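Structure assessment
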Amino acid sequence: MAILVTGGTGYIGSHTVVELHQQGLEVIIVDNLSNSKTVVLDKIETISGKRPIFIEADIRDSQALDDIFSEYNIDAVIHFAGLKAVGESVAQPLRYYDNNVVGSLRLLESMAKAKVHNIIFSSSATVYGSPERLPIDEDCALRTTNPYGTNKLQIEQMMGDLCTSDQNWSVVALRYFNPVGAHSSGLIGEDPSGIPNNLMPFITQVASGLREQLSVFGNDYDTPDGSGIRDYIHVVDLAIGHVKALAMFKQSIGFNAINLGTGNGYSVLEMVESFERVNQLKIPYQISPRRPGDIASCYAQPDKAYAVMGWQAEKGLDQMMKDAWHWQSKNPKGYQ
Ligand code: NAD
Ligand code: UDP
């Protein structure tokens, strides 16, 4: 089987390519390198003993996509390519709609032309906005609160409409909770550009001395210790989720949305405590005001993933902390 992976040189994409290789699958990556570097290909090769085919192209370039589908015999697409910073999406909505929604539309058009009807899409728990109930199951109301979340929801809806129009299509929209950690080799991991928006890379950069201290955004939420609660999931577990989802394509299955989370929520302060304990390091922090747009708690009801594709998260919080630090300490400046 040959799998086209859009955004395959990025954080989650690179870990997924390693898992695909481990299953003996052929991988073709298309990425415009707007948020990744080709050195990732060397690292993937070192880990898996195999180099993916790499095509530098933008998913909005229909000709480039058509060429890929005619040159390679693609069985399914895993679609990671996209811009992902919530704050940036508020400041630059048109750029986000163009890259994420138009990009996905172009990809689906090329797939339709090539009669490739199987796609796994990187969706996000942000489609639940401020969640209707906890833990969050797939039937919770979808109500987004920023352009990034709306992009994800619109792409899901476009894919759903396509499945309604033509029964050959099979879509698995994986709604990720909070991916963290890195491959245990320490060769691939998250390489944020500039100041990290996300908690975990901020903690590891404080630990390595790149940043002075962590700001804990709010200690007055309605949670046991007042700081925000999220469902952190090891990126390798997430990657394996994509391999499991591919197995669903044995027959046409229409549109399916599936949460990928552990079902456990941890607060910011618990994350700091856990990182310190596992890695025997101190993380200086200060309590800061709440970050605009943040919610108190968000964690998954992950049972559907187990029921429909036999997937559940295997790696716990200690492993996430250990692997995140292993990657950061081996690569203090990321892939540079
Ligand atoms: P990433 O930025 O590391 O990877 C995305 C990749 O897509 C990058 O390599 C980038 O160069 C590429 N890309 C972006 N726009 C492109 C375009 N128009 N054409 C071709 N390539 C393009 O991000 P990631 O963390 O690996 O996330 C992957 C996907 O998962 C994204 O769609 C993201 O929205 C989604 N997601 C991520 C998280 C998270 O916390 N990391 C959570 C939920 C969902
Ligand atoms: N957070 C924090 N300090 C930071 C970054 C994040 O306290 O420097 C908190 C944030 O308010 C939230 C949690 O950590 O409660 C996870 O935030 P992240 O940005 O990683 O993920 P998301 O907001 O997408 O769930």
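Above this text sits the structure in question.
Below is a short write-up of the structure. (Residues numbered from 1 in each chain as written. Chains lettered and ligands numbered in written order. Predicted model: local features only at pLDDT ≥ 70, side-chain atom pairs only at ≥ 80, totals over all residues. Heavy atoms only, no water.)

Helix and strand counts for the protein chain stand at eleven helices and 14 strands. A compact globule built from 336 residues would reach a C-alpha radius of gyration of about 20 Å, and the protein chain, at 19 Å, matches this within 12%. Here the C-alpha coordinates of the protein chain stretch approximately 55 × 45 × 40 Å along the principal axes. Burial analysis of the protein chain (336 residues in total) assigns 53% to the buried set. Put simply, 79% of the contacts in the protein chain that link residues at least 6 apart link residues at least 24 apart. Total accessible area on the protein chain is roughly 14500 Å²; 47% of this is exposed by carbon and sulfur atoms. Taking the average place of the 27 positive charges on the side chains of the protein chain and the average place of its 38 negative ones, the gap between the two points comes to 2 Å. (Helix = DSSP H or I, 4+ residues; strand = E, 2+ residues; numbered from the N terminus. Rg over C-alpha atoms; globule rule 2.2 N^0.38 Å. Buried < 20%, exposed > 50% of the residue type's maximum accessible area, 1.4 Å probe, protein only. Contact = heavy atoms within 4.5 Å. Areas by Shrake-Rupley, 256 points an atom, 1.4 Å probe, with all protein chains shown as cover. Lys, Arg positive; Asp, Glu negative; His and termini not counted. Charge placed at Lys NZ, Arg CZ, Asp CG, Glu CD.)

Next up on the list: the site of ligand 1. Within the structure, ligand 1 sits among 27 residues, and D31, N35, S36, K84 and Y148 are positioned closest to it. At 2.8 Å, a backbone N or O of Y11 approaches an oxygen atom of ligand 1. Isolated, ligand 1 exposes 820 Å² of accessible area, and the fraction of that covered by the protein chains is 95%. When the residues that make up the shell around ligand 1 are grouped by side-chain class, the tally is ten nonpolar, twelve polar and five charged. (Near = heavy atom within 4 Å. Polar contact = N/O pair within 3.5 Å; in protein donor to acceptor, adjacent residues only side chain to side chain. Nonpolar A, V, L, I, M, F, W, Y, C, P; charged D, E, K, R; others polar.)

The next thing to look at is the site of ligand 2. Taken together, 14 residues surround ligand 2, and among them S215, F217, R230, R291 and D294 come closest. S215 places a polar main-chain atom, nitrogen or oxygen, 2.7 Å from a nitrogen atom of ligand 2. Contact between ligand 2 and R230: an oxygen atom at 2.7 Å from a side-chain N or O atom of the residue. In the complex, the protein chains occlude 88% of the 520 Å² of accessible area that ligand 2 would expose alone. Looking at the shell around ligand 2 element by element, the count peaks at four residues for strand β8 (residues 214–217). Residue composition of the shell around ligand 2, by class: six nonpolar, five polar and three charged.

Moving on to the pairing of strand β4 (residues 76–79). Neither face of β4 is open: one carries A76 and I78, the other V77 and H79, and all of them are buried. Looking at chain direction, strand β1 (residues 2–6) and β4 are connected through four bridges and run parallel. Counterpart to T6 in the pairing with β4 is H79. Where β4 meets strand β5 (residues 118–124), three bridges bridge the pair, whose relative direction is parallel. Following the sheet pairing, I78 is matched in β5 by I120. (Pairing = 2+ DSSP bridges.)

What is shown is where atoms sit, not what they do.
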